[in-house]
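Each chain is listed here by its residues.
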Amino acid sequence: MNHGYVIGLDQIGKDDIKIAGGKGANLGQMIKFGIPVPSGFVVTTSSFDTLIQINNLENQIDQIIKNTDVDNTTELLKASKTIKKIILSCRMPSEIESKIIESYKNLSEKDHEYDTDINYANKRDILFAIRSSATAEDLPTASFAGQQASFLNVNGREELIESVKKCWASLFEPRAIFYRSKHGFSKASIAVIVQKMVNAQKSGIMFTIDPTTGDDTILIESTWGLGESIVGGEVEPDSYKVSKAELEKGARQEAIMEVKISQKTKMRFYDYTLNTNVEVNVPENKANAQVLTKDEILKLAEYGIMIEKYYRDQPQDIEFAIDEKGRITFVQTRAITTKAKEMIEKIDTSHNGKKKLLQGTGASPGIVSGKIKLILRKDDITKIENGDIIVTTMTSPDLVPGMSKSAAIITDLGGRTCHAAIVSREMGIPAIVGTKIATRILSDAQEVTVDAYNGVVYEGKLKLIKEQEQFEEKKGNAKIPFMPITNTKVKVNIAFVGHGVEQIASKADGVGLLRIEHLITMYGIHPAKLVKEGKQEQYIKILMDGIRPIAKAFNPKSVWVRMLDARTDEFRNLEGGEDEPVEANPMLGWHGIRRSLDEQELLKSEFQAIKRLHEEGLTNLQVMLPFVISVEEVRKAKEIAKQVSLPLDKAKIGIMVETPASVMIIEDLCKEGIAFVSFGTNDLTQLILGIDRNNERLAQLSSEFHPAVLRSMEMVINICNRYGIETSICGESGSNASMVRILMKYGIKSISCNIDAIDTIREVIYQEEQQQNISQK
């Protein structure tokens, strides 16, 4: 569907990333939810793509990037400068420019609430915020924080058009090229958001979970003036913690858990005399004053809970502004794409006698020793080498390529929600922010130890001890880490092999879901294309190479490999994906076992991969069939397995229970001889409730805790237990402690959770089993 060059923010939603980019899609979605968002429009990705096509720039840009080593900062800076110069030298197509001016004029002339603000008393042009919104930005899996440009308080048509072009060019900032390369985004486009500027007296960032500890509390950071100061880490903001639990039960008076007031030295605002943004010293009476009132803190937190619920309990990183009339508006929300890291090590302070040099705020956890590299100017970025500990006043997105080489980051300014903190957490790099004096007391090549769990910098290299050692048990002369033993197995969901798979295998009782779709997308070619071209062996090799290291790490623990379950819209961007049919609702369409039985050569190839891995000794691999609705599907799959001589006595076949049909015929499926079942709660919930899970209007109605969903799972568990068939869950709900407790009461035999939830879910299961033992006595 072609939406043209410009579209109103109120006409788009979260599914319009290809049109409006990640930031634009989320803003449109908030408007649909009824959240206060400044009015505006989007210059769509079609506008940028048209500029590229008209000027034949795609191949030229691709060639420059292809010939650039993104890990070489000098090369990266040069490539970026060249590409941006090319884009900025192009004239904006007249049709696009006229559409932008027309939308700008309409928005300026509307009698909106902001038109009556005191700033516009002299009938000046209304000021605008111009923000980049890339298609590879603010996604559920990677935030790409701060990679493209934004311009605040833009005044007049000429400045507007120039700002849009600069936003387009910023798609190729060094940090953006680097970040996309490291996250595997080969192609990206960019939209530009044009919104009425909020005359911000206060601004800030709100996280709906604590991003460093993972606690389910709301963290708000705020300062005076424009929000650039916080995002850029230019100030140490006030910090507030709010209890979700207290707010949700209506106890507003007890909800604010913590208030930390900082000394705010600088602030930004728009100077109407100079017609530009200025940075000034904060007035004395405001420097140490609390920015947000109690009521504002609570209102913001309530909005945060609301937005998180609208996004199906996905924690959010939200930016807000408050004008001189106390009106709260939201200018951004995006998923928090990092999880808090457990403390697995600490400094051995028993006999080192080393001195504490600095105290700041731990923003990205971890402990590391190394040598200091002072970065005081932009040019210093090229000096960063592998293993350096970066020390800087504040980080900007330009530092991202250098950050990837560093062992840790220390800043003078900034809070836990600033750019440095967000990107450090995504990269897994320890970071301490807000030390105030790091650049003054630390020197180049000085060796230090950074404890970013506690926000402390120590002199020299210190010995570390593993936290696990505190929980060791002895067996004979050997020590083993303590891990609660449970009767209910704790398995893990895995998409592809990564660092630390051996450690994961040591903590989990097996793999309850190994998705093969991710192995295919990493390769980039649609498997149907390979099969049509007679390249089944290539497909088999892709699968074997991806599955083998996981099976080895977990052997002899079982690994359930789900056969291909890609919807027709998921593989369309792969080579050969252009032949995928266009379906009205792909979630109810041609995927799962129904597609595999239509394209049997694909299923045969998948069975062949499992068979050959069994022949290599990896007999812990078992097969899971997705989206089953009939006994005949299972029977036919077994027949195909026999055709390729898959040893069904070892490579046992189980099913996903994600359709109401599979629930209702579960006894027939047990009689057919399935070896196990695993609940896929996302699909099961939407199909039982008749709710499209991608429809934001129905999000409030969708819940896996609905009695119909719970009773369906209880029935399946009871019947399977009678037949001695293992029941498990591998959907998102397997990482939800409340759901785990319910399913254990029903008698489920295993839980397969996300990697970061293994320890939590094992502890929940252990406690529940202990309670059940007490009750039985």
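In this text the structure is predicted, and so the values were computed from the model without any measurement.

A tally of regular secondary structure across the protein chain gives 27 helices and 33 strands. Residue burial in the protein chain is summarised as follows: out of 777 residues, 55% are buried. Within the protein chain, contacts between residues separated by at least 24 positions form 68% of all contacts whose residues are at least 6 apart in sequence.

What follows is about the environment of Arg-131. Position of Arg-131 among the secondary structure elements: in strand β3 (residues 128-134). Using a relative accessible area of 12% as the deciding quantity, one classes Arg-131 as buried. For the pair Arg-131 and Gln-195, spaced 64 residues apart in the sequence, the C-alpha separation amounts to 8.4 Å. Once residues lying within four places of it in the same chain are set aside, the contact partners of Arg-131 are Lys-23, Ala-149, Ser-150, Leu-152, Cys-167, Ala-191, Val-192, Ile-193, Gln-195 and Val-331. Looking at Arg-131, its side chain comes within polar contact range of the side chain of Gln-195, at 3.3 Å.

Take the pairing of strand β26 (residues 489-494) next. The buried fraction of β26 amounts to five of the six residues, a majority that puts the element mostly inside the structure. Two strands pair when backbone bridges link them, and β26 and strand β33 (residues 750-753) are joined in this way by four bridges, in the parallel orientation. Residue pairing across strands places Lys-489 opposite Ser-750, the latter belonging to β33.

Right, let's get into helix α11 (residues 294-310). With 17 residues, α11 should reach 24 Å at 1.5 Å per residue; the first-to-last C-alpha distance of 25 Å fits that figure. Among all positions of α11, only Glu-296, Ile-297, Leu-298, Leu-300, Ala-301, Gly-304, Ile-305, Ile-307, Glu-308 and Tyr-310 are buried. Directly after α11, the chain includes Arg-312, whose backbone phi takes a positive value near 55°.

With that settled, consider the pattern of salt bridges. In the structure shown here, the tally under the stated rule is 40 salt bridges. Glu-246 is the salt-bridge partner of Lys-249, the closest N and O atoms lying 3.5 Å from each other. Residue Lys-249 is classed as exposed on the basis of its relative accessible area, which comes to 60%. Two residues, Glu-667 and Arg-722, come together in a salt bridge whose shortest N-O distance is 3.6 Å. Pair noted here: Glu-667 is in helix α23 (residues 666-672) and Arg-722 is in helix α25 (residues 707-722), with a separation of 55 residues, a long-range link. For Glu-667, a relative accessible area of 27% corresponds to the partly exposed category. The class of Arg-722 is exposed, set by a relative accessible area of 57%.

For strand β29 (residues 621-625), a buried count of five out of five residues is recorded, marking the element as mostly surrounded by other parts of the structure. Here β29 shows no split at all, with Leu-621, Val-623 and Leu-625 on one side and Gln-622 and Met-624 on the other all buried. Relative to β29, strand β28 (residues 559-562) runs parallel, the two being bridged by four bridges. In the strand pairing of β29, Arg-562 is matched with Met-624. Direction of pairing for β29 relative to strand β30 (residues 653-657): parallel, over a ladder of three bridges. Residue pairing across strands places Leu-625 opposite Ile-655, the latter belonging to β30.

Moving on to the sheet that holds strand β13 (residues 328-335). Pairing between the strands of a sheet is mediated by backbone hydrogen bonds and can be parallel or antiparallel. Read from one edge of the open sheet, six strands run β9-β8-β7-β6-β12-β13, paired in antiparallel fashion. This sheet does not close on itself; its edge strands, each paired only once, are β9 (256-260) and β13. Neighbour to neighbour, the strand axes of the sheet diverge by 15° on average, direction disregarded. Direction of pairing for strand β6 (residues 200-207) relative to strand β12 (residues 316-323): antiparallel, over a ladder of seven bridges. Opposite Gly-204, over in β12, you have Phe-320 as the bridge partner.

Next up on the list: the environment of Ile-64. Among the structural elements, Ile-64 can be located in helix α3 (residues 58-66). Note: C-alpha distance between Ile-64 and Leu-76 (twelve residues apart in sequence) is 9.9 Å. Sequence-distant contacts of Ile-64, defined by excluding residues within four places in its chain, comprise Ala-79, Thr-82, Ile-83 and Ile-86.

The interhelical angle for the contact between helix α20 (residues 600-615) and helix α21 (residues 631-643), taken along N-to-C directions, is 60°, at an axis separation of 9 Å. With respect to α21, the axis of α20 lies oblique. Read as a crossing pair, α20 and α21 show a hand that is right-handed. Along its contact with α20, which presents Gln-600, Leu-603, Lys-604 and Phe-607, the element α21 presents Ala-637, Ile-640, Ala-641 and Gln-643. Its residues placed into classes, the contact of α20 with α21 shows five nonpolar, two polar and one charged.

Let us look at the nonpolar core. Ile-547, Phe-554, Leu-625 and Ile-666 are the most contacted members of the largest nonpolar core, which has 85 residues in total. When residues in this core are grouped by element, the largest group, nine residues, is from helix α18 (residues 536-554). With residues up to four places along the chain from it excluded, the contact list for Ile-547 reads Leu-514, Ile-516, Leu-519, Val-561, Ile-610, Leu-613 and Leu-621. In terms of nonpolar packing, the next biggest core, distinct from the first, is built from 39 residues, Val-43, Leu-51, Cys-167 and Val-192 among them.

If you walk across this open sheet you meet the eight strands as β32-β31-β30-β29-β28-β27-β26-β33, and the pairing is parallel. Both outer strands of the open sheet, β32 (726-729) and β33, are each paired with one neighbouring strand and no more. If you compare each strand with its neighbour and ignore which way they point, the axes differ by 30° on average. Relative to the sheet, α20 contacts β28 and β29, its axis offset from that of β29 by approximately 165°.

Bringing the packing of aromatic side chains into the picture now. Using the criterion set out here, one finds six aromatic pairs in the structure. Seen in terms of ring centroids, Tyr-104 and Phe-128 are 5.2 Å apart; in terms of plane orientation they differ by 50°. Their pairing is tilted. You can see Tyr-104 sitting in helix α5 (residues 94-109) and its partner Phe-128 sitting in strand β3, a full 24 residues away along the chain. In this structure, Tyr-104 and Phe-128 share a single accessibility class: buried. Aromatic side chains Tyr-303 and Phe-330 sit 5.1 Å apart centroid to centroid with 70° between the ring planes, which places their arrangement in the edge-to-face category. With Tyr-303 in helix α11 and Phe-330 in strand β13, the pair connects residues that are 27 residues apart, well separated along the chain.

For the rest of this paragraph, the subject is the side chain of Thr-45. Tracing the backbone shows Thr-45 in helix α2 (residues 45-54). Residue Thr-45 is classed as buried on the basis of its relative accessible area, which comes to 5%. In this structure the side chain of Thr-45 is engaged in a polar contact, spanning 2.6 Å, whose partner is the backbone oxygen of Lys-18.

What the rule picks out here adds up to three cavities of 30 Å³ or more. What the second largest cavity holds in volume is close to 50 Å³. Every residue along the wall of the second largest cavity is listed here: Leu-564, Asp-565, Ala-566, His-591, Gly-592, Arg-595, Ser-596, Leu-602 and Glu-606. Those elements that place two or more of their residues in the lining of the second largest cavity are α19 (593-598) and α20.

Thresholds applied
- Residues numbered from 1 in each chain as written.
- Predicted model: local features only at pLDDT ≥ 70, side-chain atom pairs only at ≥ 80, totals over all residues.
- Heavy atoms only, no water.
- Helix = DSSP H or I, 4+ residues; strand = E, 2+ residues; numbered from the N terminus.
- Buried < 20%, exposed > 50% of the residue type's maximum accessible area, 1.4 Å probe, protein only.
- Contact = heavy atoms within 4.5 Å.
- Polar contact = N/O pair within 3.5 Å; in protein donor to acceptor, adjacent residues only side chain to side chain.
- Pairing = 2+ DSSP bridges.
- Expected span 1.5 Å × (residues − 1).
- Salt bridge = Lys/Arg side-chain N within 4 Å of Asp/Glu carboxyl O.
- Axes fitted to C-alpha atoms, helices over the stretch in contact; angles between N-to-C directions.
- Parallel < 35°, antiparallel > 145°, perpendicular 65-115°, else oblique.
- Left-handed = near helix turned anticlockwise from the far one by under 90°.
- Nonpolar A, V, L, I, M, F, W, Y, C, P; charged D, E, K, R; others polar.
- Core = buried A, V, L, I, M, F, W, Y, C linked by side-chain atoms within 4.5 Å.
- Phe/Tyr/Trp six-rings, centres within 6.5 Å; stacked < 30°, edge-to-face > 60°.
- 1 Å grid on protein atoms, 1.4 Å probe; cavity = no way out; pocket = protein on both sides within 12 Å on 5 of 7 lines; lining within 4 Å.
- Points joined across faces, edges and corners; volume = space filled by probe spheres on them.

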